[in-house]
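Commentary on secondary and tertiary structure
Below are the chains, spelled out letter by letter.
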Amino acid sequence: MQETCNMTSPTTVSHVAGEEILSWAAKDESGHLAPLKISRRPTGPQDVRLKVMYCGICHSDLHQITNDWKNSSFPMVPGHEIVGVVTEIGLDVECFKVGQHVGVGCMVRSCHACDSCQLGLEQYCPKVVWTYNSTDTADGTPTQGGYSAVMVCNQRFVLRMPPNLPLDASAPLLCAGITVWSPMKYFGMVEQGKHLGLVGLGGLGHMAIKFAKAFGMKVTVFSSSPGKEKEAREILGADNFIITKDNEKMKNAAKSIDYIIDTIPSAHCLDPYLALLKTNGKMVLLGVSTEPVQISVYSLIFGRHFVGGSLIGGIAETQEMLDFCGAHNITCMIEKIPITYTNSAMDRLMKSDVKYRFVIDIENSLKE
Ligand code: NAP
Ligand code: ZN
Ligand code: ZN
């Protein structure tokens, strides 16, 4: 994000000192969200200030508002799939201009000096600052996310949204999109004709299908929800759809898959999925369960199987993914909701009742 660019634009002074910014927050681990006014820092020399238009609801928001990961601080304004319009830029910002469509994902700061940062993998930086539920190392204040009318972010963590894509349906690319893109690229899940197994068809999962189809792969969905089959096949383009409780179909699919992406957000046994892998097959875990997952060594050594994990993606690869989506017209399938529906959306997310990402219409519904 530090490349030279010659974008010039006037800086408009949209920030009012002491301005109270309308947001929705969880006040405790009941996870119930309610209106809260917060402040944002004035736009510093390196900052981009944006009017938030839309924010996706990631299952990680649900984990954190309920303190599932035992590291939550309250009050917490969740949201790390943030898209909006630039309203003000700092004096040293050259690559963004007022009025531009931009996005902010899961991170807002890192050290830029460690090995991970040097590799463009800021998400693995020991000093990474998350978009919310984190402490900003610059000023010691808690970070707050995108269920909020305004966001201020260091320019190095601001992404350029493809101008040809609708902003609302692009918001989930900032987490769901990059979280599947990064391991697909790193583990080589991009080869035409290879067979991808996708476990758990929610926000992350539906983007894995979209990317796999764009790469020319065959996709089989492994799901607990029969009601998702029709759309998975007809709209998302999945080649096959198997309900994981159907032992017969699971048995017939043994040794047929090259790669598996697993997005289940709770503890489960990996063995039935490892049985699906061909020799040398790879499985990547993305869901964040608090309890250990179960795995038998036999499932690994008989087949030289590999199991790994992956955390979101770096800023440069996020921009690469966004540009790819712009070039291939790839967006997310969303259910757009007013912010007043957010608690109901969280209840539905808990029950896997999501097709396939809730996106909050911040601009039109976050009002006094
Ligand atoms: P989501 O939209 O809720 O989708 C998860 C899907 O998993 C559900 O739709 C459901 O699909 C399946 N599922 C849910 N509970 C299940 C259960 N108990 N047993 C079997 N299947 C179940 O969630 P998401 O936003 O895609 O996130 C998925 C997980 O990834 C979460 O844990 C989230 O925190 C994590 N995450 C990780 C990263 C990372 O960097 N690694 C980034 C973002 C999110 P079916 O209806 O098809 O069964
Ligand atoms: Zn997320
Ligand atoms: Zn670093």
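Look up: the structure comes first, before these words.
Keep in mind it's a predicted model, so treat the numbers as computed, not measured.

Here is what the cut-offs are and how they apply
Residues numbered from 1 in each chain as written. Chains lettered and ligands numbered in written order. Predicted model: local features only at pLDDT ≥ 70, side-chain atom pairs only at ≥ 80, totals over all residues. Heavy atoms only, no water. Helix = DSSP H or I, 4+ residues; strand = E, 2+ residues; numbered from the N terminus. Rg over C-alpha atoms; globule rule 2.2 N^0.38 Å. Buried < 20%, exposed > 50% of the residue type's maximum accessible area, 1.4 Å probe, protein only. Contact = heavy atoms within 4.5 Å. Areas by Shrake-Rupley, 256 points an atom, 1.4 Å probe, with all protein chains shown as cover. Lys, Arg positive; Asp, Glu negative; His and termini not counted. Charge placed at Lys NZ, Arg CZ, Asp CG, Glu CD. Patch = residues over 30% accessible without salt bridge, like charges linked within 9 Å, V, L, I, M, F, W, Y side chains within 5 Å. Salt bridge = Lys/Arg side-chain N within 4 Å of Asp/Glu carboxyl O. Donors = N, O, S within 2.8 Å, 3.2 Å for Na, K, Ca; no water. 1 Å grid on protein atoms, 1.4 Å probe; cavity = no way out; pocket = protein on both sides within 12 Å on 5 of 7 lines; lining within 4 Å. Points joined across faces, edges and corners; volume = space filled by probe spheres on them. Nonpolar A, V, L, I, M, F, W, Y, C, P; charged D, E, K, R; others polar. Disulfide = S-S within 2.5 Å. Near = heavy atom within 4 Å. Polar contact = N/O pair within 3.5 Å; in protein donor to acceptor, adjacent residues only side chain to side chain. Sits in = over half its atoms within 2 Å of the grid points.

A word on the overall build of the chain. Helix and strand content of the chain: 12 helices and 17 strands. Here the C-alpha radius of gyration of the chain, 20 Å, is about what a compact globule of 368 residues would show, namely 21 Å. Overall, the C-alpha framework of the chain stretches about 65 × 45 × 35 Å when taken along its three principal axes. Among the 368 residues that make up the chain, the fraction classed as buried is 56%. Here the contacts in the chain between residues at least 6 apart in sequence split such that 69% fall between residues at least 24 apart. Total accessible area on the chain is roughly 15800 Å²; 53% of this is exposed by carbon and sulfur atoms. Across the chain, the 33 positively charged side chains and the 37 negatively charged ones have centroids separated by 5 Å.

Glancing now at a nonpolar patch on the surface. A surface patch of nonpolar side chains, amounting to about 500 Å² of accessible area, comprises Val297, Tyr298, Ile301 and Phe302. Within the secondary structure, Ile301 sits in helix H9 (residues 297-301).

Only Cys58 (SG), His80 (NE2) and Cys175 (SG) from the protein coordinate the zinc ion (ligand 2), and they sit 2.0 to 2.2 Å from it. Sequence positions of the donors to the zinc ion (ligand 2) reduce to the motif C-x21-H-x94-C. Taken as a pair, Cys58 in the loop between strand E3 (47-56) and helix H1 (59-65) and His80 in the loop between H1 and strand E4 (82-89) lie far apart in primary sequence, 22 residues in all. The class of Cys58 is buried, set by a relative accessible area of 4%. Given a relative accessible area of 7%, His80 falls into the buried group.

Considering all chains together, one arrives at 1 cavity of 30 Å³ or more under this definition. The volume enclosed by the largest cavity comes to roughly 70 Å³. Lining the largest cavity are Gly105, Cys106, Met107, Leu159, Leu174, Ile178, Ile312, Gly313, Ile315 and Thr318. Split by residue class, the lining of the largest cavity holds 7 nonpolar, 3 polar and no charged.

A few words now on the state of the cysteines. A complete count under the given rule lists 0 disulfides for this structure. With no disulfide of its own, Cys55 has Cys58 as its nearest cysteine by sulfur position, at a separation of 9.8 Å.

Our next topic: the site of ligand 1. The environment of ligand 1 is formed by 30 residues, the closest being Ser223, Ser224, Ser225, Ile312 and Arg357. One of the backbone nitrogen or oxygen atoms of Leu204 is found 2.9 Å away from an oxygen atom of ligand 1. Between ligand 1 and the protein, one listed contact pairs an oxygen atom with a side-chain N or O atom of Ser225 at 2.5 Å. For ligand 1, the accessible surface in isolation is 910 Å², of which the surrounding protein chains cover 89%. If you map ligand 1 onto the pockets, it falls in the largest pocket. Put simply, the parts of the chain that give the shell around ligand 1 at least two residues each are H1 and helix H5 (203-214).

So, on to the side chain of Glu317. Take Glu317: it is sitting in helix H10 (residues 315-328). Here Glu317 occupies a buried position and makes no salt bridge, while the nearest side chain of opposite charge, Lys185, is found at 8.5 Å. Sequence-distant contacts of Glu317, defined by excluding residues within four places in its chain, comprise Leu121, Gln123, Ile178, Trp181 and Ser182.

Around a metal, the ideal angle is 109.5 degrees if four donors adopt a tetrahedral arrangement and 90 or 180 degrees if six donors adopt an octahedral arrangement. At 2.3 to 2.4 Å from the zinc ion (ligand 3) lie its protein donor atoms, namely Cys111 (SG), Cys114 (SG), Cys117 (SG) and Cys125 (SG). Each donor residue of the zinc ion (ligand 3) belongs to the same chain, with the gaps between them written as C-x2-C-x2-C-x7-C. Residue class for Cys111 comes out partly exposed when judged on its relative accessible area of 27%. Judged by its relative accessible area of 9%, Cys117 falls in the buried class.

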